[in-house]
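Listed below are the residues making up each chain.
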Amino acid sequence: MTSSPVGVAADAASSPLLRNLNPEQLAAVTAAAEPALILAGAGSGKTRVLTTRIAWLLNTGQVSPGGVMAVTFTNKAAKEMQTRLATMLPFNVRGMWIGTFHGLCNRFLRAHWKLAHLPQAFQILDASDTTSAVKRVIKAMKLDEERFVPKQVGWFIAGCKEDGQRPGDVVVHDEQTRKLAEIYANYEDQCQREGVVDFAELMLRSYELLRDNPAVREHYQNRFRHILVDEFQDTNKLQYAWLKMFAPPGSAHGQSLLAVGDDDQSIYAFRGARVGNMIDFEREYRVQRVIKLEQNYRSFGHILDAANELISRNSQRLGKTLRTDAGQGEPIRVQESPSDFAEAQWLIEEIQHLHRGGLDRKEIAILYRSNAQSRVIESALFNSGIPYRVYGGLRFFERAEVKHALAYLRLLENANDDTSFLRVVNFPTRGIGAKTLENLQDAAKATGRSLYQSVSAIAGKGGANLLAFTNLIDSTRNLTQGMTLREIIEQVLQTSGLLDFYRTDKDGAERLENLDELVNAAEAFVMQEGFGKNAVGLPVDETAQPGTPGAVPDAETGEIMSPLVAFLTHASLEAGDNQAQAGQDAVQLMTVHSAKGLEFDAVFITGLEEGLFPHENAMSDPNGLEEERRLMYVAITRARKKLSLSFCQTRMLHGQTRYHIKSRFFDELPEDALKWLTPRNQGFGSGFAREYQNAWDRGSGLKGMVGAGRVEKAAWVEPPVPASMKQKVSEEHGGLRVGKGVFHTKFGEGVLLTLEGAGADARAQVNFGRHGTKWLALSVAKLTPID
DNA sequence: TCATCAATTGGCCAC
DNA sequence: CAATTGATGA
């Protein structure tokens, strides 16, 4: 191949790789080796462009596999890129650094564990591990857990890390932050002592390593000629800073950083994503040309019209309009239902109709803003016998029994991992209670050692059982020397007593299946990663898959970590599929967030009501509202052929009936593209569903079917009415009725949610839609009923 | 005094 | 589902 970066047009005709690309895509694929920003609209063939560019760079000899780094946000995206590349290239793609931010950071830290001041077999805390670790710190500091909610403190710490702040850098402006910084400091000490890192730490630690070690930095800047970043709009401050370490603006090494993103699909501000990174990138790297991919290959015209019109209401966009050659297609259908129950029924009918019409069920997606909304839909689907799959429940590696097993495995590698220690020290129960553990923790704190190390110190009081536990761990560790990963896990399941426990547990059958599945997963992992049979301590071998996240040779010695450590890492970073039930033709249920990146023939967006979508917590500030609008944009653009929007007048939420008005987003869609299935502007809530019940778990009708695929074991039980619901509340006041519409001179139309008190004290709660939900004193506010 | 088990309660936006 | 509470037994 004689091609060069210049003379692209000639290439296009000759190279089969570049055939069938549209001009925009071609420009992106063959962009010069300099900083570039690709604005890739939904369904514009972004992944194809990314992979084709990598293949083109390699085929034209502009870069070698080792000089490519491609970063994504999800494991799924990384995997897809790898598979696609594998079909395009004649050689093994494993050598390239293709992975998620966290996956690549892990690989980096594994290679430089000494420089990073980490133990070689450091373990990774997932979200729930992090919360429980934070909780332990808060407890040890004897702080009030009401005031310092572990989860929130965890967010605070993650936020600090994403801003590159260590405890000393936290700006303290009040007592609360001072304490938070103190918790952060102690948390950090604790993690260091235990040899564990959380997700944010993976990023920050590798960033700091590069920042503080010029030689290492030079090495990598020399190595990676082409860095490609997917979903750039979702990067946070730290991730952008991390990228800059590899390819600083105006770098003497002349690397090319290619950022691909869509500002209109930025929906992760709540976890630190900065859309502003796109503009900063453009400025800091003096990007000469922004390439826009606006040709959409997914959806019909009406759907794109709706998406374009909606998103045009947002300010601060980089600007982009999707277009298609596919024709207008069917109009977008809009359905209004009296209740969420009725909405679910309507969905059933629609799905049955679509399915009879020849559409696969897996091509139908039901989207909602928040997880709580899935319950009603699930029960309706279940009662109708329609197979379905819920995304985003507990994933495989997050299941309690699997985490227990993993905790034992972690202790084999690193007995100082207190999180794992506490998880299983008394599970199955072996006579070690709260008091004993408290003593142990005191002893550990006094000497600054791990719980495991402190066991001998309190051997006197109740320590016999503890000693038995550490002996169990030690002997299992000895026993498993030289075993294969599969054998190790089977041994651990046996000697830990987990198998026996679940065998006697009355509903342990399913958990046993999952433990079995864990063994399978390990087996599959070993096959995939190409580990040999001899388990621990493989010999030095640079060729043995340095490309996979699991198998990273030490930067100095080249030693490859043991399959067990690799597998534990895999478990932390991948969290597993949600027991895919792959192959089954089932309707897909998920939140709008988890739908990002997916596409379906038919999409239902449900619960389009003020307060729900847009969510009430986001309505008050303009940025929040714009993010909700982007979320709606993402939802709309998931649909290929058929899109339906739906909203209800009443909905059970958090145990009470709420009255809603339709989402403002309906006013922001082109009327021409919509087809209303129900008459417009009919009266407000009919009260249809008032007596209808609490969607919460307690005594609910969905026993055992929370989470996907458990359909066959679920049983529908008519839910009892809780005492709190039986209380009669006043529903009428001077012509006003709960559930009916009201008019306020300042706030306009709303729906009356609640009436309370009497006389001068009478007050009303009204949902005014875009003005939010307000409490009003009836003696002051002028409310008039509307029909 | 401590551990265990069953019953009860709180949860309340997205990853 | 996890965390908490209260009764029961060692």
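This is a predicted model, so every value here is computed, not measured.

Visitor: How should the overall build of chain A be read in this particular structure?
Guide: Each helix and strand in chain A was counted, giving 28 helices and 23 strands. Burial status across chain A gives 55% buried among its 787 residues. Total accessible area computed for chain A in this model is approximately 33400 Å², and 52% of it derives from carbon and sulfur atoms.

Visitor: I would appreciate a short explanation of the sheet that holds strand E1 (residues 36-40) in the present structure.
Guide: Within a sheet, each strand pairs with its neighbour through backbone hydrogen bonds, oriented either parallel or antiparallel. Pairing is parallel in the open sheet, where six strands are placed in the order E3-E2-E6-E7-E1-E8. Pairing within the sheet leaves two strands with one partner each, and these edge strands are strand E3 (97-100) and strand E8 (290-293). On average, adjacent strands in this sheet sit at an angle of 15 degrees to one another, irrespective of strand direction. Pairing of strand E6 (residues 226-229) with strand E7 (residues 256-261), which is carried by four bridges, proceeds in the parallel orientation. Directly across from Val229, in E7, lies its bridge partner Ala259. On the sheet, helix H12 (residues 276-284) packs against E1, E7 and E8 and is oriented at approximately 145 degrees with respect to E1.

Visitor: What exactly am I supposed to notice about helix H20 (residues 463-479) here?
Guide: Between its first and last C-alpha, H20 extends 24 Å over 17 residues, near the 24 Å set by a 1.5 Å rise per residue. Those residues of H20 that sit buried are Gly463, Leu466, Phe469, Thr470, Ile473 and Thr476. Along H20, the residues classed as buried sweep out an arc of 155 degrees about the axis, all on the same side. Exposed residues pointing more than 90 degrees away from the buried face of H20 are listed as Ala464 and Asn478.

Visitor: Got a minute to help me understand the UniProt feature "domain: UvrD-like helicase ATP-binding" (unreviewed entry) in chain A in this structure?
Guide: On the UniProt side, "domain: UvrD-like helicase ATP-binding" (unreviewed entry) is annotated at positions that read residues 19-300 here. With 48% helix and 11% strand, residues 19-300 has end C-alpha atoms that lie 24 Å from one another.

Visitor: Would you mind going over the environment of Gln62 with me for this structure?
Guide: Secondary-structure assignment places Gln62 in the loop between helix H3 (46-59) and strand E2 (68-72). For the pair formed by Gln62 and Gln373, sequence separation is 311 residues and the distance between their alpha carbons is 51 Å. Looking at Gln62, its side chain comes within polar contact range of the side chain of Thr60, at 3.0 Å.

Visitor: Sorry if this is basic, but what is going on with the environment of Ala326 here?
Guide: For Ala326, the location among the structural elements is in the loop between helix H13 (301-311) and strand E9 (332-339). On the basis of relative accessible area, Ala326 is assigned to the partly exposed category, the value being 41%. Sequence spacing of Ala326 and Val260 is 66 residues, and the spatial spacing of their C-alpha atoms is 25 Å.

Visitor: Whenever I open this one, the confidence of the model for chain A confuses me. Can you help?
Guide: Caution is warranted with low-pLDDT regions, since their predicted coordinates should not be read in detail. Of the residues in chain A, 83% reach a pLDDT of 70 or more, and the chain-wide mean stands at 81. Averaged pLDDT values for the elements of chain A fall to 32 in helix H28 (residues 723-726) and rise to 96 in strand E13 (residues 600-605). Per-residue pLDDT stays below 50 along residues 1-10; that stretch engages in nine contacts with residues further than four places along the chain or on separate chains. Within the model, pLDDT remains below 50 along residues 681-729, and this stretch shows 79 contacts once partners closer than five positions in the same chain are excluded.

Visitor: In this structure, what is going on with the environment of Phe427? I would like to understand it.
Guide: Looking at the element boundaries, Phe427 is found in the loop between helix H17 (418-424) and helix H18 (434-447). Taking the C-alpha atoms as reference, Phe427 lies 9.0 Å from Phe501; in sequence the two are 74 residues apart. Setting aside its immediate chain neighbours within four residues, Phe427 contacts His404, Tyr408, Leu498, Phe501 and Tyr502.

Visitor: Just checking my understanding: could you explain H18 for this structure?
Guide: Because each turn of an α-helix spans 3.6 residues, side chains separated by three or four positions end up pointing in the same direction. In this model, H18 (14 residues) spans 20 Å end to end at C-alpha, consistent with the 20 Å of a helix rising 1.5 Å per residue. Inspection of H18 places Thr436, Leu437, Leu440, Ala443 and Ala444 among the buried residues, and these make up the whole buried set. The buried side chains of H18 occupy one side of the element, clustering within an arc of 120 degrees when seen end-on. Exposed side of H18, more than 90 degrees from the buried face: Ala434, Lys435, Lys445 and Ala446 are the residues found there. On its buried face, H18 sits against H17, helix H19 (451-454) and H20. Where H18 terminates, the next one or two residues include Gly448, which has phi positive at roughly 65 degrees.

Calculation rules
- Residues numbered from 1 in each chain as written.
- Chains lettered and ligands numbered in written order.
- Predicted model: local features only at pLDDT ≥ 70, side-chain atom pairs only at ≥ 80, totals over all residues.
- Heavy atoms only, no water.
- Helix = DSSP H or I, 4+ residues; strand = E, 2+ residues; numbered from the N terminus.
- Buried < 20%, exposed > 50% of the residue type's maximum accessible area, 1.4 Å probe, protein only.
- Areas by Shrake-Rupley, 256 points an atom, 1.4 Å probe, with all protein chains shown as cover.
- Pairing = 2+ DSSP bridges.
- Axes fitted to C-alpha atoms, helices over the stretch in contact; angles between N-to-C directions.
- Contact = heavy atoms within 4.5 Å.
- Expected span 1.5 Å × (residues − 1).
- Arc of directions from axis to C-beta.
- UniProt positions renumbered as here; feature names shortened; annotations may be inferred.
- Polar contact = N/O pair within 3.5 Å; in protein donor to acceptor, adjacent residues only side chain to side chain.
- pLDDT = per-residue confidence, 0-100.

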